[in-house]
Amino acid sequence: MACRELGTNIFCVGAIDWDRRLFDELIPLPQGTSYNAYLIKGSEKTALLDTVDPSKTAELLENLDNSGVKTIDYLIAHHAEQDHSGNIPTILERFPEAKLVTNPKCKSLLVDLLHIPEVKFQTINDGDKLSLGDRTLQFILTPWVHWPETMSTYLEEEGILFSCDFFGSHLASSEIFVKDAALVINGAKRYYAEIMMPFRAAIKGNLEKIKNLNIRMIAPSHGPVHDKPEFIVNAYREWTSDEVKNQVVIPFVSMHGSTRRMVDYLIEALMEKDIQVEPFNLTVADVGELAMSLVDAATVVIATPTVLAGAHPSAAYAAFLTNALRPKVKFAALIGSYGWGGKTVEQIKGLLANLQAEILEPVLVKGHPKDEDLEKLDKLADLILSKHKDLGIC
Ligand code: FEO
């Protein structure tokens, strides 16, 4: 990423990672990502907000050179994860005068992860301000917009919220600002679903915390800058709300077609009732897409054959992931086929223990589904419709 001006004496000095396709060895990045870092020059002091992934050191240093910066007084660390913190040691070596400014929790993690000496730190607390002369940074603790130590910085005079992972999107783009809103919202929803959904209550709290700020722009640490901030803030309000939609998500796997027949039948039965269905064949599915669907859905139905005396490992993984993401689904069910027995129901129920959802009666079929088995799927679809009606969403 070339060094570019976000505003007067505010420079984007981060890096674009066009090729990266996996994050945390878990999260698919179909559109790459960026590691945004920002340099703010005040009349008296200069601050660098975050660094970049360890793989992008050269870009960061080149951009800093191109910005003309000679001295960095403060290096602000919003988050200890290495995609933002990984080059802190490099910056502290290049600019030994810089104080590393962060909150106590983040300091503790940075000491553990990067072995940064205690003497380099200047700790701040929620609401503290730091003057750069004619510019003022206000620190706002925004926990769980990934990890518990994450925080944001509000540049008061310009009304810019530097939000780190919060409001970010894994999207490699040559544009500084959001141009294609649909593309960015898709990337932002994917990111919310994958790392923030489990902490929905905390995210809601953070939205409350920033609501009275006069935010003109949101500059996250991944993806384009939001110059129309209400767009992404409203999307977050919707995702974190208690409202669910008339949607059923069906992660499924089938070995010889019996479970697939059940899935296809249930899809049709639900569609006939005007319920939106989002099936995910787990042998080919992008788990990020699955996570996104779980943001809004009222119901999840896991479909699996019985293999090795239990759920298919792909279905067990989907259940485990769903449980870890803690979506706001209200209902969960299990369907599938078996040959001679097994512990599939107990396994999947156990794997979904975090969900605050009503578990509906499972539909387990011996062998390939017969007419009477398909009738049970009709009843399940009727029950889902009735439950959704009770919620007032259809
Ligand atoms: Fe972008 Fe949680 O790091």
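As the structure is a prediction and not an experimental result, all values here were calculated from the model.

1. Considering the overall build of the protein chain
Now for step 1: Per the secondary structure count, the protein chain includes 12 helices and 24 strands.
Now for step 2: Dimensions of the protein chain, computed from C-alpha atoms along their principal axes, come out at roughly 80 × 40 × 35 Å.
Now for step 3: When burial is assessed residue by residue, the protein chain has 57% of its 394 residues classed as buried.
Now for step 4: Across the protein chain, the fraction of contacts at a sequence separation of at least 24, relative to all contacts at a separation of at least 6, is 73%.
Now for step 5: A total accessible area of about 16,100 Å² is found for the protein chain, and carbon and sulfur atoms account for 50% of it.
Now for step 6: For the protein chain, the distance from the average site of its 39 positive side-chain charges to the average site of its 53 negative ones is 3 Å.

2. Observations concerning the environment of phenylalanine 331
Now for step 1: Checked against the element boundaries, phenylalanine 331 lands in strand β22 (residues 331-338).
Now for step 2: Judged by its relative accessible area of 6%, phenylalanine 331 is buried.
Now for step 3: Apart from the residues within four sequence positions on either side, phenylalanine 331 is in contact with Ala298, Thr299, Val300, Ala357, Glu358, Leu360, Lys387, His388 and Leu391.

3. So, the state of the cysteines
Now for step 1: Scanning the model with the defined rule gives zero disulfides in all.
Now for step 2: Of all cysteine sulfurs, the one in cysteine 12 lies closest to cysteine 3, which takes part in no disulfide; the gap is 7.9 Å.
Now for step 3: Not engaged in a disulfide, the cysteine cysteine 164 finds its nearest cysteine sulfur in cysteine 106; these two sulfurs lie 8.7 Å apart.

4. Quick word on the pattern of salt bridges
Now for step 1: As enumerated under the stated definition, the model contains 20 salt bridges in all.
Now for step 2: Here lysine 56 ties to glutamate 59 by a salt bridge, and the two come within 3.4 Å at their closest N and O atoms.
Now for step 3: Linking lysine 245 and glutamate 238 is a salt bridge whose minimum nitrogen-to-oxygen distance equals 2.8 Å.
Now for step 4: On the accessibility criterion, glutamate 238 (40% relative accessible area) is partly exposed.
Now for step 5: Through salt bridges that share partners, Arg190, Glu194, Asp286 and Glu289 make up one connected network.

5. Re the packing of aromatic side chains
Now for step 1: Under the criterion given, the structure shown has eight aromatic pairs.
Now for step 2: Seen in terms of ring centroids, phenylalanine 166 and tyrosine 236 are 5.5 Å apart; in terms of plane orientation they differ by 75°. Their pairing is edge-to-face. Of this pair, phenylalanine 166 sits in the loop between β15 (160-164) and α5 (181-196) while tyrosine 236 sits in helix α7 (residues 229-240); the two residues are 70 residues apart in sequence, bridging distant segments of the chain.
Now for step 3: Assessed through its relative accessible area of 0%, phenylalanine 166 is described here as buried.

6. Digging into the side chain of aspartate 296
Now for step 1: Position of aspartate 296 among the secondary structure elements: in the loop between α9 (287-294) and β19 (297-303).
Now for step 2: Residue class for aspartate 296 comes out buried when judged on its relative accessible area of 6%.
Now for step 3: Within the structure, aspartate 296 has its side chain in polar contact with the side chain of lysine 189 (distance 2.5 Å).
Now for step 4: Here aspartate 296 is in contact with Lys189, Glu238, Trp239, Val244, Lys245 and Gln247, once residues within four sequence places are set aside.

7. Some remarks on α7
Now for step 1: For α7, which comprises 12 residues, the first-to-last C-alpha distance of 17 Å matches the rise-based estimate of 16 Å (1.5 Å per residue) to within 8%.
Now for step 2: All of the buried residues along α7 are Pro229, Ile232, Val233, Ala235, Tyr236, Trp239 and Thr240. For α7, the angular spread of buried residues about the axis comes to 155°, placing them on one side.
Now for step 3: Buried residues along α7 sit against α5, α6 (200-210) and β16 (217-220).

8. Examining the sheet that holds strand β14 (residues 151-155)
Remark on secondary structure: sheet strands pair via backbone hydrogen bonds, oriented parallel or antiparallel.
Now for step 1: With respect to topology, five strands assemble into an open sheet ordered β12-β13-β14-β15-β16, the strand pairing being mixed. Sheet topology places β12 (129-131) and β16 at the edges, where each strand pairs with a single neighbour. Between one strand and the next, the sheet's axes are offset by a mean angle of 25°, whatever the strand orientation.
Now for step 2: Two elements, β15 and β16, share four bridges in a ladder whose sense is parallel. Along β16, the bridge assignment pairs isoleucine 160 with methionine 217.

Reading the values: the criteria
Residues numbered from 1 in each chain as written. Predicted model: local features only at pLDDT ≥ 70, side-chain atom pairs only at ≥ 80, totals over all residues. Heavy atoms only, no water. Helix = DSSP H or I, 4+ residues; strand = E, 2+ residues; numbered from the N terminus. Buried < 20%, exposed > 50% of the residue type's maximum accessible area, 1.4 Å probe, protein only. Contact = heavy atoms within 4.5 Å. Areas by Shrake-Rupley, 256 points an atom, 1.4 Å probe, with all protein chains shown as cover. Lys, Arg positive; Asp, Glu negative; His and termini not counted. Charge placed at Lys NZ, Arg CZ, Asp CG, Glu CD. Disulfide = S-S within 2.5 Å. Salt bridge = Lys/Arg side-chain N within 4 Å of Asp/Glu carboxyl O. Phe/Tyr/Trp six-rings, centres within 6.5 Å; stacked < 30°, edge-to-face > 60°. Polar contact = N/O pair within 3.5 Å; in protein donor to acceptor, adjacent residues only side chain to side chain. Expected span 1.5 Å × (residues − 1). Arc of directions from axis to C-beta. Pairing = 2+ DSSP bridges. Axes fitted to C-alpha atoms, helices over the stretch in contact; angles between N-to-C directions.

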